[in-house]
Amino acid sequence: MKKINLILLLICCVSISNAQNLIAVQNNNTPSFYTQVTDAVSAANSGDTIYVPGGSWTIGTLYINKTLHIIGPGYNPDSAQASGICYLLGSIYLQQGCSNGSLTGVYLQG
């Protein structure tokens with residue numbers, strides 16, 4: 001019985017730690033999850049909201065040509081103390097069609 005409880009505890013811990021590293025794309029009331037910011041941006045529809053958790057995310061050169069709202073937990077150590085600062089490592093180029101979008105709560109390095 002102790003072995004089963006230990007295995008279940010390990011599975012829960014792994015699931016929780018992996019869930020914190022997922023990027024959520026909210027389309028109306030239907031969320032989808034990705035492991036890379038670039039994949040989330042590619043899959044998102046115009047008007048979607050992308051939630052990026054704390055941590056360092058390599059985006060390379062990212063072109064955005066649709067209205068997206070990208071939200072991180074914050075870049076100020078005081079406000080992002082629990083979740084960590086969200087670093088986007090690379091460059092973002094805004095193209096025609098991205099009007100009315102937003103980028104907030106991230107630290108862009110690039």
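Here the structure is a predicted model, which means the values were calculated and not measured.

Draft legend 1. Representation of the overall build of the protein within the structure. Within the protein one finds two helices and eight strands. Moving toward the C terminus, one meets the helices and strands of the protein in the order α-β-β-α-β-β-β-β-β-β. Taking all 110 residues of the protein together, the buried fraction comes to 29%. For the protein, the accessible surface area stands at approximately 7,100 Å², while carbon and sulfur atoms represent 55% of it.

Draft legend 2. Representation of the pairing of strand E6 (residues 86-94) within the structure. The pairing of strand E4 (residues 55-64) with E6 spans nine bridges and is parallel. Counterpart to Thr58 in the pairing with E6 is Leu89. Sheet topology places E6 next to strand E8 (residues 107-109); three bridges connect them, and they run parallel. Residue pairing in the sheet places Tyr87 in a bridge with Tyr107 of E8.

Draft legend 3. Structural view of the environment of Gly90. Along the polypeptide, Gly90 turns up in strand E6. The exposure class assigned to Gly90 is buried, which follows from its relative accessible area of 14%. Residues Gly90 and Gln109, spaced 19 residues apart in sequence, show a C-alpha to C-alpha distance of 6.0 Å. Each residue touching Gly90, except ones within four places of it in the same chain, is listed here: Ile59, Gly60, Leu108, Gln109 and Gly110.

Draft legend 4. Inspection of the sheet that holds strand E5 (residues 69-71) at higher detail. With mixed pairing, five strands are arranged side by side in an open sheet as E2-E1-E3-E5-E7. Strand pairing shows two members of the sheet lacking a second neighbour, strand E2 (30-34) and strand E7 (102-104), which therefore form its edges. Across the sheet, the mean angle separating the axes of adjacent strands is 15° when strand polarity is ignored. Taken together, the three bridges between E5 and E7 define a ladder with parallel strand orientation. Within E7, the residue paired with His69 across the bridge is Ser102.

Draft legend 5. Here's a closer look at unusual backbone geometry. With a phi close to 55°, Asn28 is a non-glycine residue in the positive phi region. Relative to the elements of secondary structure, Asn28 occurs in the loop between strand E1 (23-27) and E2. Given a relative accessible area of 68%, Asn28 falls into the exposed group. Phi at Asn100 is positive, roughly 70°, even though this residue is not glycine. By the secondary structure assignment, Asn100 is in the loop between E6 and E7.

Thresholds applied
- Residues numbered from 1 in each chain as written.
- Predicted model: local features only at pLDDT ≥ 70, side-chain atom pairs only at ≥ 80, totals over all residues.
- Heavy atoms only, no water.
- Helix = DSSP H or I, 4+ residues; strand = E, 2+ residues; numbered from the N terminus.
- Buried < 20%, exposed > 50% of the residue type's maximum accessible area, 1.4 Å probe, protein only.
- Areas by Shrake-Rupley, 256 points an atom, 1.4 Å probe, with all protein chains shown as cover.
- Pairing = 2+ DSSP bridges.
- Contact = heavy atoms within 4.5 Å.
- Axes fitted to C-alpha atoms, helices over the stretch in contact; angles between N-to-C directions.

None of this, on its own, says anything about what the molecule does.
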